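Residues per chain, in single letters:
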Amino acid sequence: MSAVGAVHAEGDRGDRSGVRTALAGLTTRGRSFLAAGVAAAICAYVLGQSDLLRVGLLLAGLPLVCAAVLYRTRYRVAGSRRLSPGRVPAGSEARVHLRMDNVSRMPTGLLMLQDRVPYVLGPRPRFVLDRVEAGGRREVSYRVRSDLRGRYPLGPLQLRLSDPFGMCELNRSFSTFDTLTVIPRVEPLPPVRLSGEAKGYGDGRQRSLALAGEDDVIPRGYRYGDDLRRVHWRSTARYGELMVRREEQPQRARCTVLLDTRAIAYEGVGPDSAFEWSVSGAASVLVHMLERGFSVRLLTDTGSVVPGEGSDGFSGIHQESADAAGLMMDTLAVVDHSDEEDLSRAYDVLRSGGEGLLVAFLGDLDEEQAAVLARMRQRSGGAVAFLLNSEDWLREPSDVPGASDPGEERLRMLRESGWTAVAVPRGVSVEHVWRQADRERSGLTAASGGEGP
């Protein structure tokens, strides 16, 4: 649920502009009454008919009075909007709840409520509200849906006020906006056995020494707060100062998801394009790894990571997992093509090393980028690549899908450098290629090093 943002309508400040606004709000009925009244008054003056003059004044005065009353009472309406939910996967629906409160002591006339939404979310919703009693409220709702991920502003809320006689209508706009975040589709993935990633918590664990600094040795010097039961007396006697033993602690398994966003690596646009599949695949793997208890990091070809993540990525533990998933989904909701021509920046980030699983979603590659990926493989404990060929994704699907010759050559180069490389044909599910990667890895490795993700 998103937070409710209630606002009050604000009117014009100047008297002259207020008069112009009120007169401009006259409906066809109001203008007709005003014209008829003026005509009757002129005829009464020419003919000397006082009774006709009174009728003319009544006809002309009614819409003006209605406009004046409506103009003076328009400040007393408050509106709010609530999104349920505020973050929704692409292709799913979200419901927008609108609430109107009459905070004045007088009932309103007929109201028409309209919310402004981007065209990709659907038609602009309009609602007609009957008379709202003093202190009363009305609640309506509508649904929005987008097949394209992104952040979409909703608002401002517009309200058309009308008097009981239908002589005048005034449009008022509220000032607040809400934002609907459409995140990539996330597919549930099965647990598989991929070697090279089982380094820490989870089903595959190892014990690692607790590091307190880059210059640590075994044993190390005493530091304030260390448990005296850890004092290593033999080393203390040798070095002439208190020395303590370094204890073992479990190290959390790590996984880096590399998303290739280079514009030159993808062709085609829309929800069924290769790039959108890559974003959805990266989102699915990130969520899956977090649920498995891994420390997860999202990396793009620009070398950028998710704001707020630590050096080892986000930890997939307890409440932190949901927060981390939300941050990464928000990042993937707005990720777009980059102007990069290679993957060198991503390699610079990975060059610091650290064993862990590397999962890459890649577009079209040339020999130079395949060589960069071969060096990346040396910096990881295990590496899985999902390769999307633009030619396969642009042509119509066939009964026997397959990669083109350049795609096969890149797959061969990646596999020779140690990657578990899988070609992604058009329309395939993330779960299918995830299982295929597990089968290919099992075929290359005689025995897995423990259960993986």
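Residues numbered from 1 in each chain as written. Predicted model: local features only at pLDDT ≥ 70, side-chain atom pairs only at ≥ 80, totals over all residues. Heavy atoms only, no water.

A.B. asks: Please set out the overall build of the protein residue by residue, giving values where relevant.
C.D. replies: Helix and strand counts for the protein stand at 11 helices and 21 strands. Residue pairs at least 24 apart in sequence account for 73% of intrachain contacts in the protein once pairs closer than 6 positions are excluded. Total accessible area on the protein is roughly 23500 Å²; 51% of this is exposed by carbon and sulfur atoms. (Helix = DSSP H or I, 4+ residues; strand = E, 2+ residues; numbered from the N terminus. Contact = heavy atoms within 4.5 Å. Areas by Shrake-Rupley, 256 points an atom, 1.4 Å probe, with all protein chains shown as cover.)

A.B. asks: How would you summarise the pattern of salt bridges if you had to cite specific residues and measurements?
C.D. replies: Inspection of every chain in the model, using the stated rule, returns 19 salt bridges. Notably, a salt bridge pairs Arg99 with Asp101, separated by 3.0 Å at the nearest N-O pair. You can call Asp101 buried: its relative accessible area is 16%. Residues Asp147 and Arg185 are paired through a salt bridge, measuring 3.9 Å at the closest nitrogen-oxygen approach. Placement of Asp147 in the loop between strand E7 (137-145) and strand E8 (150-154) and of Arg185 in the loop between strand E11 (178-183) and strand E12 (207-209) is noted, with a sequence separation of 38 residues between them. Taking relative accessible area as the criterion, Arg185 reaches 36% and is therefore assigned partly exposed. Beyond isolated ion pairs, a larger network of salt bridges with shared partners links Arg81, Asp115 and Asp178. (Salt bridge = Lys/Arg side-chain N within 4 Å of Asp/Glu carboxyl O. Buried < 20%, exposed > 50% of the residue type's maximum accessible area, 1.4 Å probe, protein only.)

A.B. asks: Explain the UniProt feature "transmembrane region" (unreviewed entry) in the protein residue by residue, including any values.
C.D. replies: Sites flagged by UniProt as "transmembrane region" (unreviewed entry) map to residues 30-47 and 53-71. Within residues 30-47, the helical portion is 100% and the strand portion 0%, while the C-alpha atoms at the span's ends are 25 Å from each other. (UniProt positions renumbered as here; feature names shortened; annotations may be inferred.)

A.B. asks: Break down the sheet that holds strand E3 (residues 87-89) for me, with residues and values.
C.D. replies: Strand order in the open sheet formed by 3 strands is E3-E11-E8, with mixed pairing between adjacent strands. With partners counted over all chains shown, the strands left at the sheet margins are E3 and E8, one partner each. The average angle at which neighbouring strand axes cross in this sheet is 30°, direction not considered. Direction of pairing for E3 relative to E11: parallel, over a ladder of 3 bridges. For Arg87, the partnering residue across the bridge sits in E11 and is Thr181. (Pairing = 2+ DSSP bridges. Axes fitted to C-alpha atoms, helices over the stretch in contact; angles between N-to-C directions.)

A.B. asks: Give me the lowdown on helix H2 (residues 28-47), citing residues and values where you can.
C.D. replies: Across its 20 residues, H2 extends 28 Å between first and last C-alpha, which sits within 8% of the 28 Å expected from 1.5 Å per residue. When we look at burial in H2, the residues that qualify are Gly30, Gly37, Ala40, Ala41 and Ala44. For H2, the buried positions fall inside an angular range of 100° around the axis, keeping them on one side. The exposed set on the far side of H2, more than 90 degrees from its buried face, consists of Thr28, Val46 and Leu47. Remark: Gly48 follows H2 within two positions and exhibits a positive phi of approximately 70°. (Expected span 1.5 Å × (residues − 1). Arc of directions from axis to C-beta.)

A.B. asks: So, the environment of Met329: which residues are in play, and what are the values?
C.D. replies: The topology assignment puts Met329 in helix H6 (residues 318-334). Residue class for Met329 comes out buried when judged on its relative accessible area of 5%. Between the C-alpha atom of Met329 and that of Pro184, which follows or precedes it by 145 residues, the distance is 7.2 Å. Ignoring anything within four residues of it in the chain, the contact list for Met329 reads Arg87, Ile183, Pro184, Val186, Ala283 and Val287.

A.B. asks: I'd love a proper account of the pairing of strand E20 (residues 382-387), names of residues and values included.
C.D. replies: For E20, a buried count of 6 out of 6 residues is recorded, marking the element as mostly surrounded by other parts of the structure. When strand E19 (residues 357-362) meets E20, the two strands line up parallel, connected through 6 bridges. Note that in E20 the partner of Leu358 across the bridge is Ala383. A crossover connection joins E19 to the parallel E20 through helix H8 (residues 367-378); in handedness this β-α-β unit is right-handed. In this sheet, strand E21 (residues 420-423) lies alongside E20 in parallel orientation, the contact comprising 4 bridges. Pairing of Ala385 across the sheet is with Ala421, part of E21. (Right-handed = clockwise from strand over helix to strand, strands pointing away.)

A.B. asks: Explain the nonpolar core residue by residue, including any values.
C.D. replies: With 45 residues, the main nonpolar core has Trp277, Leu332, Phe361 and Phe386 as its most contacted residues. The biggest single contributor to this core is helix H5 (residues 274-291), with 11 residues. Beyond its immediate sequence surroundings of up to four residues, Phe386 is in contact with Val359, Ala360, Phe361, Leu362, Val422, Val424, Val433, Trp434 and Ala437. (Core = buried A, V, L, I, M, F, W, Y, C linked by side-chain atoms within 4.5 Å.)

A.B. asks: Let's hear about the sheet that holds strand E5 (residues 111-115): which residues, and what values?
C.D. replies: Sheet architecture is open: 4 strands sit in the order E6-E5-E9-E10, paired in antiparallel fashion. With one partner strand each, in any of the chains shown, strand E6 (126-129) and strand E10 (169-173) form the two edges of the open sheet. When the angles between neighbouring strand axes are averaged without regard to direction, this sheet yields 20°. With 5 bridges joining them, strand E9 (residues 157-162) and E10 adopt antiparallel strand pairing. Along E10, the bridge assignment pairs Ser162 with Glu169.

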